[in-house]
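Here's the letter readout for the chains.
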Amino acid sequence: QVPLVEVGGGLVQPGESLRLSCAASGTIFSIYNMGWYRQAPGKQREFVAAITSGGSTNYADSVKGRFTISRDNAENTVYLQMNSLKPEDTAVYYCHAHYEAERGYQYDYWGQGTQVTVSS
């Protein structure tokens, strides 16, 4: 298992910002694709953003232009900068690590989640 620890969640008002961090240990961090998912009450977990080992990024349409994913391989950390937050962004946010090795074997790891609440 690859330990993933998220920090940075909290309660903010609409329009404000939060920065989530996910620190990995016990892993060759640089080879993993990293991502963020979220799950709101009563809804299924959904994709938010991802960054490959090579630094390419991808975003869900709902957050594109507002959220930015980045990584610091020297610190084994992936970040999610969330700007212009909306009430519909309220969810538990999960860090995800993925690596596809030879012969199709895949490694998938999840953090414990951190609560983000956007409310006035």
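In the block above lies the structure referred to throughout.
One structure accompanies this document, and this report is about it. Nothing here was measured: the structure is a model prediction, and the numbers come from that model. (Residues numbered from 1 in each chain as written. Predicted model: local features only at pLDDT ≥ 70, side-chain atom pairs only at ≥ 80, totals over all residues. Heavy atoms only, no water.)

A closer look at the state of the cysteines
Inference 1: Enumeration over the complete set of coordinates arrives at 1 disulfide.
Inference 2: With its sulfur 2.0 Å from that of its partner, C22 forms a disulfide with C95. Disulfide C22-C95: the torsion about the S-S bond is -85 degrees, which places it as left-handed. Residue C22 is found in strand 3 (residues 18–24), and its partner C95 is found in strand 9 (residues 91–100); the two are separated by 73 residues along the sequence. Of the two residues, C22 and C95, both sit in the buried class. (Disulfide = S-S within 2.5 Å. Helix = DSSP H or I, 4+ residues; strand = E, 2+ residues; numbered from the N terminus. Buried < 20%, exposed > 50% of the residue type's maximum accessible area, 1.4 Å probe, protein only.)

With respect to the sheet that holds strand 3
Inference 1: The 4 strands are arranged 1-3-8-7 in an open sheet whose pairing can be described as antiparallel. Edge positions in the sheet fall to strand 1 (4–7) and strand 7 (67–72), since each has one partner strand and no second. Here the average twist between neighbouring strands, direction ignored, is 15 degrees.
Inference 2: Bridge analysis of strand 1 against strand 3 gives 4 bridges, and the strand direction is antiparallel. Along strand 3, the bridge assignment pairs L4 with A24. (Pairing = 2+ DSSP bridges. Axes fitted to C-alpha atoms, helices over the stretch in contact; angles between N-to-C directions.)

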